[in-house]
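Inside the fold
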Amino acid sequence: MKFVIVSGGVISGIGKGVIGLLFKTRGLRVSAIKIDPYMNIDAGTMSPLEHGEVFVLDDGGEVDLDLGNYERYLNVTLTRENNITTGKIYSAVIERERKGDYLGKTVQVVPHITNAIQDWIERVARIPVDSSGEEPDVCIVELGGTVGDIESAPFVEALRQFQFRVGPDNFALIHVSLVPVVNGEQKTKPTQVAVRDLRGLGLMPDIVACRCTHKLEKPTTDKISMFCHVGPDQVLVVHDLSSIYHVPLLLDQQKIVEQLSKKLKLDTLSVGPPALATGAALWNDWRNLTNTHDRMFESVNIALVGKYTHLKDSYMSVIKSLEHSALRCQRKLNISWVEATDLEPDAAENSRVNFHKAWHEVCSADGILVPGGFGVRGTEGMIAACKWARENKVPYLGICLGLQIAVIEYARNVLGIKDQAIVDILVSLLEANTHLDAHSEELVPEPPANPLIVFMPEVSKTHLGGTMRLGLRPTIFQDDSEWSKLRKLYGGVEAVHERHRHRYEVNPEFVPELEKAGLTFVGKDDKGERMEILELKSHPYFVGTQYHPEYLSRVLNPSKPYLGFIAASSGTLGDIIDL
Ligand code: GLN
């Protein structure tokens, strides 16, 4: 097993997963581990506004959004164990201590925590992650945070020891750094200092990858080489490009794989002709994709109506899925970020400008998307945007909360269920159970006899971490759903498996009434009790999914609900399916 460690705080700038992708194009099997030095066991309890999107895996693990980047680039399926946190390591060590496994020894950060980290990496790196079912050849281990932080110290020390555990031929280190340009001059000091810190802790980079707006000038490269103890050809740059999809090509030109192959003696691995051919085909597809990207002239405008729009990372997988689909439909993607509260009449009193701007974005969009979310804030704005999409036949995609919003909108405005409580109850329950906003306690009303969106019976009301309905689950297309556009997009299959993350669901008691009025639940869970997909027949594209299809979208294989949405918004849905 070959390990490629990636350290440095600015790695997102070079495109996560790119190095792994390049290994794959050489026919190697690649896995990835992300280390997050925070105390949380997992990302599930973190606010999206603080840490960006919570990514969900097949096994229901709620993990850092970087795992999503790795899954997408490497086309692999990772496990919750591929995301290591301080919380996970400490709880494992403490559990063993309570069992008496340390046989009377004093349990310490070195060696017990550092050993636990190394054991974890070695074990998880070997888990098969693709359809071959075989052990990977290479594992990329990304160290989050900054080297030199108190938090990351045990991990840095563990990696220092790890190079001896696995041997020098199986261990390479890439340090990613930023080269700022100040008054036209490329500054190398931050890189020098970072690498000095790293070396002081016993780790030597084999490659220094620099993020910079421009190509590195020769004196810059020479200086970094001189002060960072690497040859000039070990200093690589990722400068600004027309898209991140071009980064693999740029790094390939700079011979990153050859550099790492030399260090890791990759020629000793036997890669058979079929694997080589698959790798070459992948590379070919990738190059075609970048060519397509450079030749897109028409655009598609999507209004994303959400409540975490101030931090775009909150919607990372949603954005990626839209990008994948736009690439497939050969459209330049323009996303208008609409903060849902700006659409509410109350907002008009505070800021007329924001209110009109937000409505302008919604009214002029080719498609309207309401993504997942928690809590009461913004839900009235989302309902209003959904109404606009339904009435004006603008393509609508509602994800998770977006499906629930569509149900409330329909019940209110088509069925004429005037009971305001439906909405109040939904949103205040959401609020009370997510603790993301203040004053939640005040908002909890007396529970109504029969709300439209209900709390799922099996979900814990006292523990937030890891207790939602999570992970890969089947959705069965119902009889008489052959007309469903989404079903056609999925290839007419009987069932699909997608990833979930929710606490609430559509109350099945309302389903007959909703369906009679035209809102059809074409997909349900395997017991037929949970509403998974809704669709309006008499609309160009009005789809809601209780699951999150964005977690399984791939660059070269876009998620179907998103693909249909972008195609419908571009006016080309008829090119993909029979309408
Ligand atoms: N808050 C809603 C629920 O818990 C929707 C969740 C989501 O959008 N991920 O069901």
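Right above here is the structure, for reference.
Residues numbered from 1 in each chain as written. Predicted model: local features only at pLDDT ≥ 70, side-chain atom pairs only at ≥ 80, totals over all residues. Heavy atoms only, no water.

From N to C terminus, the chain includes 22 helices and 22 strands. For 579 residues, the compact-globule estimate of 2.2 N^0.38 gives 25 Å, and the C-alpha radius of gyration of the chain, at 25 Å, lies within 12% of that figure. Dimensions of the chain, computed from C-alpha atoms along their principal axes, come out at roughly 70 × 65 × 50 Å. Split by element, the accessible area of the chain, about 24,200 Å² in all, is 52% carbon and sulfur. Separation of charge centres in the chain, based on 61 positive and 75 negative side chains, amounts to 5 Å. (Helix = DSSP H or I, 4+ residues; strand = E, 2+ residues; numbered from the N terminus. Rg over C-alpha atoms; globule rule 2.2 N^0.38 Å. Areas by Shrake-Rupley, 256 points an atom, 1.4 Å probe, with all protein chains shown as cover. Lys, Arg positive; Asp, Glu negative; His and termini not counted. Charge placed at Lys NZ, Arg CZ, Asp CG, Glu CD.)

Next up on the list: helix H21 (residues 560-570). Summarising burial for H21: 10 of the 11 residues are buried, a large majority. Regarding H21, the residues found buried are Pro561, Tyr562, Leu563, Gly564, Phe565, Ile566, Ala567, Ala568, Ser569 and Ser570. A positive backbone phi angle near 75 degrees is found at Gly571, which sits one or two residues after H21. (Buried < 20%, exposed > 50% of the residue type's maximum accessible area, 1.4 Å probe, protein only.)

We now examine the side chain of Arg554. Tracing the backbone shows Arg554 in the loop between strand S22 (542-545) and H21. At 3.0 Å, the side chain of Arg554 forms a polar contact with the backbone oxygen of Val76. Aside from chain neighbours lying at most four places away, what touches Arg554 is Glu71, Arg72, Asn75, Val76 and His324. (Polar contact = N/O pair within 3.5 Å; in protein donor to acceptor, adjacent residues only side chain to side chain. Contact = heavy atoms within 4.5 Å.)

Let us now look at the sheet that holds strand S5 (residues 83-85). The strand order across the open sheet formed by seven strands is S5-S2-S6-S1-S7-S10-S11, and the pairing between neighbours is parallel. The open sheet has two free edges, formed respectively by S5 and strand S11 (235-238), since each of these has just one partner strand. For this sheet the average axis-to-axis angle between neighbouring strands, irrespective of direction, equals 20 degrees. As defined by bridge partners, strand S1 (residues 2-7) adjoins strand S7 (residues 171-178) across five bridges and the pair is classed as parallel. Pairing of Phe3 across the sheet is with Phe171, part of S7. The sheet contacts of helix H3 (residues 65-74) involve strand S2 (30-36), S5 and strand S6 (138-143), and relative to S2 the element is tilted by about 170 degrees. (Pairing = 2+ DSSP bridges. Axes fitted to C-alpha atoms, helices over the stretch in contact; angles between N-to-C directions.)

In the neighbourhood of the ligand, 12 residues make up the surrounding shell, with Gly373, Cys400, Arg501, Arg503 and Tyr504 lying closest. Between an oxygen atom of the ligand and a side-chain N or O atom of Gln404, the distance comes to 3.1 Å. Between the ligand and Arg501 there is a distance of 3.0 Å, counted from a nitrogen atom to a backbone nitrogen or oxygen. Considering the ligand on its own, with 290 Å² of exposed area, one finds that the protein chains cover 99% of that surface. (Near = heavy atom within 4 Å.)

The next point concerns helix H14 (residues 352-364). In this model H14 runs 18 Å from its N-terminal to its C-terminal C-alpha over 13 residues, within 8% of the 18 Å that 1.5 Å per residue would give. Three or more residues of H14 are buried, namely Phe355, Ala358, Trp359 and Val362. Seen from one end, H14 has its buried residues packed into an arc of 95 degrees, which puts them on one side. Facing away from the buried side of H14 by over 90 degrees, the exposed positions are Val353, Lys357 and His360. Those residues of H14 that are buried lie in contact with strand S12 (299-306), strand S13 (332-339), helix H13 (345-350), strand S14 (367-370) and helix H15 (379-391). (Expected span 1.5 Å × (residues − 1). Arc of directions from axis to C-beta.)

On to the pattern of salt bridges, then. If you walk through the whole model with that rule in mind, you get 32 salt bridges. Between Lys34 and Asp64 there is a salt bridge; the shortest N-O distance is 3.3 Å. Residue Lys34 is located in strand S2, and its partner Asp64 is located in the loop between strand S4 (62-63) and H3; the two are separated by 30 residues in the primary sequence. Of the two residues examined, Lys34 and Asp64, each falls in the buried class. Of the charged contacts in the structure, one is a salt bridge between Asp66 and Lys34, with a shortest N-O distance of 2.7 Å. Within this pair, whereas Asp66 is found in helix H3, its partner Lys34 is found in strand S2, the two being separated by 32 residues in sequence. (Salt bridge = Lys/Arg side-chain N within 4 Å of Asp/Glu carboxyl O.)

Before going further, it helps to examine the packing of aromatic side chains. By the definition in use, this model includes eight aromatic pairs. Between Phe3 and Phe162, the aromatic rings sit 4.9 Å apart at their centres with planes inclined by 80 degrees, giving edge-to-face as the arrangement. Of the two residues, Phe3 is situated in strand S1 and Phe162 in helix H6 (residues 153-166); the sequence distance between them amounts to 159 residues. Ring centres of Tyr245 and Trp286 lie 6.2 Å apart, and the angle between their planes is 55 degrees; this geometry places the pair in the tilted category. On the criterion of sequence distance, the pair formed by Tyr245 in the loop between S11 and helix H9 (247-253) and Trp286 in helix H11 (residues 273-294) is long-range, its members being 41 residues apart. Pairwise contacts between aromatic rings join Tyr73, Tyr245 and Trp286 into one cluster. (Phe/Tyr/Trp six-rings, centres within 6.5 Å; stacked < 30°, edge-to-face > 60°.)

Another point: the environment of Ile319. Counting through the fold element by element, Ile319 comes out in helix H12 (residues 316-328). The class of Ile319 is buried, set by a relative accessible area of 13%. Note: C-alpha distance between Ile319 and Val208 (111 residues apart in sequence) is 29 Å. Leave out the neighbours within four places in its chain, and Ile319 touches Lys312, Leu333, Ile335 and Trp337.

Attention now moves to the pairing of S2. The element S2 is extensively covered by neighbouring structure, given that seven of its seven residues are classed as buried. On S2, burial covers both faces: Val30, Ala32, Lys34 and Asp36 on one face and Ser31, Ile33 and Ile35 on the other are all buried. Bridging between S2 and S6 involves six bridges; their strand directions are parallel. Each residue of the ladder has a partner; that of Ser31, found in S6, is Cys139.

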